[in-house]
Amino acid sequence: MASAVGAPARRLVTCSIDGRPVTVPEGTTIWEAARQLGIEIPVLCHDPRLRPVGVCRVCVVDVGERVLAAACVRGVADGMKVTTTSEGIERCRKTLTELLLSDYPRESRREATLGDDELLALARRYGIDREAIPLPRGDGRREDLSSPVIAVDHAACILCDRCIRACDEVQHNDVIGRTGKGYGARIAFDLDVPMGESTCVSCGECAAVCPTGALTHKSLGVAIHPRAELRAVDSVCPYCGVGCAVTYYVDLSKNAIAFADGRPSPGNDSRLCVKGRYGFDYAFHPQRLAKPLIRRGEYYPKGPLSGDVRGEGRGARGRKPGGVVDSEEVLPAFREASWDEALDLVARRFLEIRATHGPDALAGFGSAKCSNEEAYVFQKLLRAVFGTNNGDHCTRLCHASSVAALLETIGSGAVTNVYGDVRNADVVLVAGSNTTDNHPVAATFIKDAAARGTKLLVVDSRETGIARHAHHFLRIAPGSDVALYNAWMHVLIEEDLIDHEFVRERTEGFDALKEVARRYPPELAEGICGVPAGRIREVARIFGRARAALIFWGMGISQHTHGTDNARCLISLALLSGSVGRPGTGLHPLRGQNNVQGASDAGLIPMVYPDYQSVEDPAVQRQFEEAWGVALNPKRGLTVVEIMEGALRKTVRGMYILGENPFLSDPNINKVRKALASLDFLVVQDIFLTETAEFADVILPATSFFEKTGTYTNTDRRVQIGRQALEPPGDARLDWTIVCEIARRMGYRMEYRDAEEIFDELTSLAPSYAGLTYRSLEPYGKLWPCPDPETGDGIQILFDDAFPTPSGRAKFVPAEYQPAAELPDDEYPFVLNTGRLLEHWHTGTMTRRARALHAIQPSAFCEMNPEDLEHLGIEPGDLVTLRSRRGSITLRVQASPRTAPGAVFVPFHFREAAANALTNDRLDPYGKIPELKFCAVRVEKALADERLEHASGPS
Amino acid sequence: MAYPFAHPREVRIVSKHFGDAGARPVDGWVERGGYRAARKALPEMTRDQVIATVEASGLRGRGGAGFPTGLKWKFMPKDDGKPHYLVVNADESEPGTFKDREILRWTPHQLLEGAIIGAYAIRAEHIYIYIRGEFVDVIPVLRRAVVEAYERGFLGEDVLGTGLRIECTIHVGAGAYIAGEETGMLSSLEGRRAEPRMKPPFPAQAGLFGMPTTVNNVESLAAVPHILVNGADWYRQWGTEQSPGTKLFSCCGHLRRPGNYEVAMDFNLKDLVFDLCGGPRPGRRLRAVIPGGSSVPVLTADEIDCPVSYEGLVQAGSMVGSGGLIAMDDSACLVRAVRRMVEFYAHESCGQCTQCREGTAWAARILRRIEEGEGRDSDIPLLLDISENMAGKTICVLSDSAAAPIVSSIQKFEDEYWAHIRRRSCTAVS
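Residues numbered from 1 in each chain as written. Chains lettered and ligands numbered in written order. Predicted model: local features only at pLDDT ≥ 70, side-chain atom pairs only at ≥ 80, totals over all residues. Heavy atoms only, no water.

The next thing to look at is helix H7 (residues 138–151) of chain B. All names here are of chain B. Its 14 residues place the ends of H7 20 Å apart at the C-alpha level, agreeing with the 20 Å of an ideal helix rising 1.5 Å per residue. Here H7 has its buried residues at Val-138, Ile-139, Val-141, Leu-142, Ala-145, Val-146, Glu-148 and Ala-149. Where H7 is buried, its residues contact helix H1 (26–31), helix H5 (99–106), helix H6 (108–122), strand E2 (124–131) and strand E3 (167–172). Where H7 ends, the next residue or the one after it, Gly-153, has phi of about 80 degrees, a positive value. (Helix = DSSP H or I, 4+ residues; strand = E, 2+ residues; numbered from the N terminus. Expected span 1.5 Å × (residues − 1). Buried < 20%, exposed > 50% of the residue type's maximum accessible area, 1.4 Å probe, protein only. Contact = heavy atoms within 4.5 Å.)

If you want it as structure tokens, here you go:
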């Protein structure tokens, strides 16, 4: 059950502060102890979230010694008599303030924005008139405005060290340090380069902790005002599966968010990344859809409307910077319509298709960006109204294989432990996960553990950011995971580093595993993975000797035709070492989307109803028929790629796509283009005109994350409330109300008062969510399952005594190594790997409209090893054309040793050079996930194209 | 002038072989009685006996703070199972001080022997000698000596056949004065900026790499072999109860015979200046003396008739410090001299603590303003106010060091300041 490793109880000490006795645990600082008494000792360099350093000296107090002591660092001692204020102490504080103020800029950026400049507050407290300070003026310190999100004013810097600790010890990015000596000392980025040119990842932690005007958030178009003048909305981040708790500060007069603060949730401890802190302004971008749109008659037969989507490589009028759908190119194909007209049309066409071709000719893609409530009503619409199980979402493209393996082996697809418990692990394996870019805040917990002594093992074909923190980094050949982990297990079994008791008591099928592992000595794996056998042994032993080992994995494991096998190996490794069900152990496939866990939990997958209850189980079917009052289809539905294939074959004729953009996110775009164009009827419900919407018959304007309230379940299984912060633009409607309207017009009554009522219906049908209510989800959500929602946080560590399998035991499912579906050859000699960038989200619909994120990563590029480039005679920055058997794209190339020789990495966010034009749509046989991480490509130097040149330059 | 010049009133113990190039190589050093103490201590004496002898001798740290060396060693934990380190502070950078450089230059083995004994006493397996980077001529001498000590088995896996392992690494500093502060030195050795650390924890609890560490000055360690060979009582024949033994004074400034002089610690400061150093230059009058490096308060010529003991100099209003004696005659402008010193501290402040980083910089600017005749009446109280804030309130004592010359010079040479402020002139005689 939920267990935390408690620190041993500390001895209590009693001291007196300003004559008042106080008893606190030993090690408590004077500053903390005083605060408990309500005595606020002024301080500039200290923040309770940071390790105290005692450099500003403002908090000095008299402890009866020869010299004054800094209260923020000095621990209280028995019998200590502390005086926090006296004439001498106050004079000292006042002089310090004067020293700092004498060269302070006339205008503090912090005072001008948030209005909470702590130095100026001290100046007011001591009644200091800056003009009257008798000190000579200094020569000034410079400004650095090179970062798109943070303004640096060295003149306002008081060298308090907060930003340095935030960067080094909270976010573990190690960018900020000090340079120079004496008065010339100042903070510096990397080796004293401008912030915007440094390795800064723009997480904004430094600006969040800075007490002065030295580091401040730049405005994202909406002026930043003091918190009290804005409306604070406690919500969560709309981006990744970490689901950071955020407070958004809303300027009501502009219906826009001015800035965001992290909240102290267990999941993010007030930390945020660049997307969470600076990526919200897409919601009030002028291109938001605000009216229902119906395709004009003259734009039939349907097809793509913009040059990019047609595959011409550029828009007809030259691409606009920003790489988003050119509305002017696409909008003429549509006319505005009333909601009634649009919804009636949608209902009528779906009814017609169902009547003519049967319910399974209809299909729907929901979205892992939408709430649990929206996922629930959407799958209910498909099942109860359309009459089909053909409903899926992008989980198919991310962890379908992981979930298949988890269900088969341990009986549950969710994580067995939260990422934050890495603090209790002594070994952590990060496999095929670019955690620092894709789950930046979860990565801070891993980096923190690694800095505190947890052995971090990273296995990847690309040297990702997390690899820099690893104690052991194994760069394996792409797609060779099964061979590597089989060899690890070979070593564990051979050297008897396995948990016999766990294997005996809690698992089955060990003999079969043993037999397979026996055939994978490290020497064999060396030939497949390219890692020396000695290294494989060394690292396997570290894992085998771990007291508590935690395994994280990402798309590098799952997005292969053998993705399920990859995951099976990791699961076997965990079972072999008894690494499930205890603190510091567990299996954690890091979920990508903010609500991919929740959308799956809510049944937005073709094989199961909410809470993974099989559609093929008659008892389950009866239960849902009873709950929904209709007969249900007992046949499992089609998955994402299968639906596209169905469209091509005309077995699927009508589709409802809610908040997904398969044109860019699905593999083999040229096929997707044909599939989308061949649909009889397509409804796209979204907040922007996406690439997919170009193929739509009807486009319905939906609400963004910030305009609605709902629950979202993060990678930890933490169910949290995202609260409405903004009013929707124009006629845009809440997604779930649109779904209910379509249901009603198709003859099924689906009415809810609000999202909370939907949630209550979901929890009544999903045993894992049982007992959860909106009220109990305040303020930081709850982990499911949660037996005591009123008091508990939910169960952190699952399966401490049994697995939810028929036998109660976990099952070893051995896997044999098999190569990727399409191997490089003479014609296509490179291996393509796709992935994400820290600053962008999936198809860029949101992030390319967020001004800061766009400014940092404005254009498409691919990354190759410098050796390969030299060999090909290509210079970094040149345009290259990448060709696969399925398509080609042209983009600039960057040189980086992070990508191995023989490999090409392409981020898939960029429509103008869509990585998925190249990818292979071959599927994993179990998880039905496509092999997005591996296909063969050719690299050619491309001739410079002036229009492209112009288009991809900075805006 | 000190070598071969040796004044008969000196008591040359650590400086006995200054000027004697034959003492530099290990053979020469052994011929002169070197490593006898190590041979005696390691096999024959227990660690506690070594510490007890040094404690009984009353030897105090010669780097500036004057903390009893034996007591410092005693603070090191026993049986804690952790690696211990001995760090030798050879980053001699205090303005006016040049004694350690001469010990290292002439008698590197004298230091190594003391360090080996110290390492034995505190259970250190590793000695780090942090040497000032500007000592370009001394560094090869020390390197050579360490190689010799390894060759002779004074260092290495099996020191003097006792089975004990003591390694020694020379670390060359990169030019920051603050690296001479003991915790700043530890930060620097760890590869960080030489930023001093908060105490507690003291280095004996958590020092280099977080392990129990002792930091000793070169001169202190150089005295140890003599104490072990001759006994605590022998050492105590010089000096006073609280300040036993001898001390090297690096004498510079307006003197006829500047140089290093080793005297008993009850020696008279005035005699040191006038007799050993020959007094001021012809036709000049002594004006001020800083007896212990630029970090200690300045004395007027009238105040120097006192013993150079720790307590004697405190009573006179100053400190032994590092023993860097700076003499100024009537040609010296005190405002200028102090401004120059404060600029040094402003330049060398690591920048962590507010009052040091800002205070030294502002004080230097105010002093310059005064020196250039632009001072205001309010500048003197302002300087005193800033100085008060700089002393006793920071992580390390660098800002105390900067405050000392300001406050003492204002106390003792206020006229000089007023001459600059009110008359735009100087009392110095050209």
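On we go from here.
In this section: the interface of chain A and chain B. Between chain A and chain B, the contact holds 34 residues from the first and 35 residues from the second. Of the roughly 2,800 Å² buried at the junction of chain A and chain B (both faces included), carbon and sulfur atoms supply 56%. It is Leu99(A), Arg178(A) and Lys181(A) that lose the most area in chain A upon contact with chain B, and together they represent 22% of the buried surface on that side. Our count for the chain A to chain B interface comes out at four salt bridges. Among the ionic pairs, Asp385(B) bridges to Arg91(A), the shortest N-O distance being 4.0 Å. Linking chain A to chain B there are 16 residue pairs in polar contact (both at pLDDT 80 or more). At the level of secondary structure, the elements contributing two or more residues to the side of chain A that touches chain B comprise helix H2 (87–101) and strand E8 (176–179) of chain A. Among the elements that make up the side of chain A that touches chain B, the one with the highest residue count is H2(A) (six residues). Here the residues of the side of chain A that touches chain B sort into 18 nonpolar, seven polar and nine charged. (Buried area = accessible area lost by both parts, 1.4 Å probe. Salt bridge = Lys/Arg side-chain N within 4 Å of Asp/Glu carboxyl O. Polar contact = N/O pair within 3.5 Å; in protein donor to acceptor, adjacent residues only side chain to side chain. Nonpolar A, V, L, I, M, F, W, Y, C, P; charged D, E, K, R; others polar.)

Attention now moves to the domain arrangement of chain A. All names here are of chain A. By the assigned domains, chain A splits into domain 1 (12–85), domain 2 (136–278), domain 3 (337–388 + 595–710 + 724–763), domain 4 (416–589) and domain 5 (830–952). Here the C-alpha centroids of domain 2 and domain 3 sit 39 Å apart. Taken together, the 12 residues of domain 2 in the interface contact seven residues of domain 3. Here domain 2 packs against domain 3, burying approximately 790 Å² in sum over the two surfaces, 64% of which is carbon and sulfur. For domain 2, the biggest contributors to the area lost against domain 3 are Pro-238, Asn-255 and Ile-257; these three give 52% of the whole. Going through the elements one at a time, strand E11 (231–236), strand E12 (245–251) and strand E13 (256–262) are the ones with two or more residues in the side of domain 2 that touches domain 3. Sort the elements by how many residues they give to the side of domain 2 that touches domain 3 and E11 lands first, with four residues. Grouping the amino acids of the side of domain 2 that touches domain 3 by side-chain chemistry returns nine nonpolar, two polar and one charged. (Domains from an automatic or database assignment.)

To continue, consider the sheet that holds E11(A). Hydrogen bonds between backbone atoms are what pair the strands of a sheet, whose relative direction is either parallel or antiparallel. Residue and element names in this part refer to chain A. Taken together, three strands build an open sheet; the order of strands is E11-E12-E13 and the sheet is antiparallel. The sheet is open, and its two borders are formed by E11 and E13, each paired with just one other strand. Sheet twist, expressed as the mean angle between neighbouring strand axes with direction ignored, is 30 degrees. In this structure, E12 lies alongside E13, joined through six bridges in antiparallel fashion. Bridging across to E13, Val-246 finds its partner in Gly-262. (Pairing = 2+ DSSP bridges. Axes fitted to C-alpha atoms, helices over the stretch in contact; angles between N-to-C directions.)

Another point: the pattern of salt bridges. By the definition in use, this model includes 112 salt bridges over all chains. Among the ionic pairs, Arg568(A) bridges to Asp565(A), the shortest N-O distance being 2.7 Å. With Arg568(A) and Asp565(A) both in helix H22 (residues 563–576) and three residues apart, the pair spans about one turn of that helix. Just as Arg568(A) is buried, Asp565(A) falls in that class too. Three or more residues joined by partner-sharing salt bridges are found here, namely Arg336(B), Arg339(B), Glu343(B), Arg368(B), Glu371(B) and Glu372(B).

The subject of this paragraph is the pairing of strand E9 (residues 324–329) of chain B. Remember that side chains alternate between the two faces of the sheet whenever the strand is regular. Residues and elements named next belong to chain B. For E9, a buried count of six out of six residues is recorded, marking the element as mostly surrounded by other parts of the structure. In E9, alternate side chains face the same way, and those of Gly-324, Ile-326 and Met-328 on one face and Leu-325, Ala-327 and Asp-329 on the other are all buried. Relative to E9, strand E5 (residues 246–253) runs parallel, the two being bridged by four bridges. Note that in E9 the partner of Ser-250 across the bridge is Gly-324. Both strand E7 (residues 286–290) and E9 contribute to a ladder of four bridges, which runs antiparallel. Across the sheet, the residue bridging to Ile-290 is Ile-326, located in E9.

Okay, the packing of aromatic side chains next. Residues and elements named next belong to chain A. Tallied over the full model, the rule gives 36 aromatic pairs over all chains. Where Trp-488 meets Phe-543, the ring centres are 5.8 Å apart and the plane angle is 40 degrees; that geometry is what we call tilted. Taken together, the positions of Trp-488 in helix H16 (residues 481–494) and Phe-543 in helix H20 (residues 533–544) put the pair 55 residues apart, joining distant regions of the chain. Here Trp-488 and Phe-543 have matching classes, each one buried. Seen from the ring of Tyr-926, Arg-568 lies directly overhead, with NZ or CZ sitting 4.0 Å from the centre. Arg-717 extends its terminal NZ or CZ atom over the ring of Trp-784, reaching a point 5.9 Å from the ring centre. (Phe/Tyr/Trp six-rings, centres within 6.5 Å; stacked < 30°, edge-to-face > 60°. Lys NZ or Arg CZ within 6 Å of the ring centre and 35° of its normal.)

Spanning 15 residues, H2(A) covers 21 Å between terminal C-alpha atoms, matching the ideal 21 Å at 1.5 Å per step. Of all the 15 residues making up H2(A), 11 are buried; the element is thus mostly covered by neighbouring parts of the structure. By the burial criterion, the buried members of H2(A) are Ile89(A), Glu90(A), Cys92(A), Arg93(A), Thr95(A), Leu96(A), Thr97(A), Glu98(A), Leu99(A), Leu100(A) and Leu101(A). The inward-facing, buried residues of H2(A) contact strand E3 (60–61) and helix H4 (118–125) of chain A together with helix H14 (354–371) and helix H15 (379–390) of chain B.

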